[in-house]
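If you want the building blocks of each chain, they are given just below.
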Amino acid sequence: MTTTHFKSYPPRLLEGKIVGSSESRDILVFFISGNPGLIDYYEPFFLALRRAIDETESLQNTRFQIYGQDLAGFNDNDHEPFTAQRKPYDLEYQIRHTLATLGKLRVESGPRVGCPYNEVLLIGHSVGSYIALELFHRLLRNQDLAPHLNLTSGILLFPTIHHISSSPSGRKLDLLRRVPVLGDNAYRIAQTFLHLVPQSTLHWIVHSVMGFPPHAAEVTTRWLKSRDGVWQALHMGMDEMKVIGEDHWDDELWEIVHDAEANHKVIPKFFFFFGKHDHWVASHYRDEFIRMREKQVERTRLIVDEGNIPHTFCINHSELIAEKVGIWIAEMYGAC
């Protein structure tokens, strides 16, 4: 048994010293992945984002630590084997698991080593965006859950936060979930098929037939041949169909933000980046969400991709998304 697998990218060294002075801020950029929750998919994105931050002049006096980890259950080494009695983790568990990790992280280097971060920026992809919003919601209502955790901003990429079961892919998964017997045994059917395919053959299919680049082909093959990874993905995905429905933050999250403003707390600022044609997002619900948030442009930026970047940007479009995220981080944290 090991701890959750993670990726961590510290502030760069400049002339042998950590960027910034003892008076500059330490900001944690905490990334929450989509489903399947394997953080290795995002390594090219993290590397490109690290470069973008380090090369942005207005960010030079702030120390940014980039951190991301697997969602629970996707790596066979982070849990005991799943059984009929010990089933995979649901969405609620992932929210609590992420909060527990956030509560433990401290500055790793520099003059404030060992201290809580001055601010935390959450970046969520797909269902990771839902998890991020839930963390904001819960901590704004009850700061005692993590008293030192100062969530100030969120960047939500291809967010699945509203009626996911009405999306093109969501309808198919929700139908599978509702079919008696089949829904509960879908993972067995998938695992039986995958176990028949040699790992080298599966890797060839993912890389050569599906066109995945080397890093994504390796991660995908490892996940598909793992003991519990496919079961975890299907179990959590079906739970998402049940849980992610009506936008329940309408009368709660934004209202609490007003209270936070009255109490002189930092008001979260969100960037939402939606795909133009996202098979995990119902376009009419996306457009409805945008209309409802348009009046809050001071703290909420709503962007719909004008190109054709896919929902799974981490496969082939990491650098393009990292460039956009770097610009938004500069807008939020750059020196005046």
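Preceding block: the structure.
Residues numbered from 1 in each chain as written. Predicted model: local features only at pLDDT ≥ 70, side-chain atom pairs only at ≥ 80, totals over all residues. Heavy atoms only, no water.

Draft legend 1. View of unusual backbone geometry. Pro 36 follows Asn 35 through a cis peptide bond whose omega is 10°. Positive phi outside glycine occurs at Ser 126, with the angle close to 60°. By the secondary structure assignment, Ser 126 is in the loop between β6 (119-125) and α3 (127-141). The exposure class of Ser 126 is buried, given its relative accessible area of 8%. Even without being glycine, Phe 158 reaches a positive phi, approximately 50°. (Helix = DSSP H or I, 4+ residues; strand = E, 2+ residues; numbered from the N terminus. Buried < 20%, exposed > 50% of the residue type's maximum accessible area, 1.4 Å probe, protein only.)

Draft legend 2. Region of interest: α3. The end-to-end C-alpha separation of α3 is 21 Å, in line with the 21 Å expected for 15 residues at 1.5 Å each. Judged by how many residues are buried, α3 sits mostly within the fold: 12 of 15 residues are covered. Within the sequence span of α3, burial applies to Val 127, Gly 128, Ser 129, Tyr 130, Ile 131, Ala 132, Leu 133, Glu 134, Leu 135, Phe 136, His 137 and Leu 139. (Expected span 1.5 Å × (residues − 1).)

Draft legend 3. Geometry of the nonpolar core. The biggest cluster of nonpolar side chains holds 88 residues, and the ones touching the most others in it are Ile 155, Leu 157, Phe 313, Val 325 and Ile 329. In this structure Phe 313 touches Phe 31, Tyr 42, Phe 45, His 125, Leu 157, Phe 158, Ser 318 and Ile 321, once residues within four positions along its chain are discounted. Ala 72, Tyr 89, Tyr 187 and Trp 231 belong to the second-largest nonpolar core, a separate cluster that totals 5 residues. (Core = buried A, V, L, I, M, F, W, Y, C linked by side-chain atoms within 4.5 Å. Contact = heavy atoms within 4.5 Å.)

Draft legend 4. Region of interest: the side chain of Ser 153. Its place among the elements puts Ser 153 in strand β7 (residues 151-157). Within the local environment of Ser 153, its side chain forms a polar contact with the side chain of Tyr 333, the two groups lying 3.3 Å apart. (Polar contact = N/O pair within 3.5 Å; in protein donor to acceptor, adjacent residues only side chain to side chain.)

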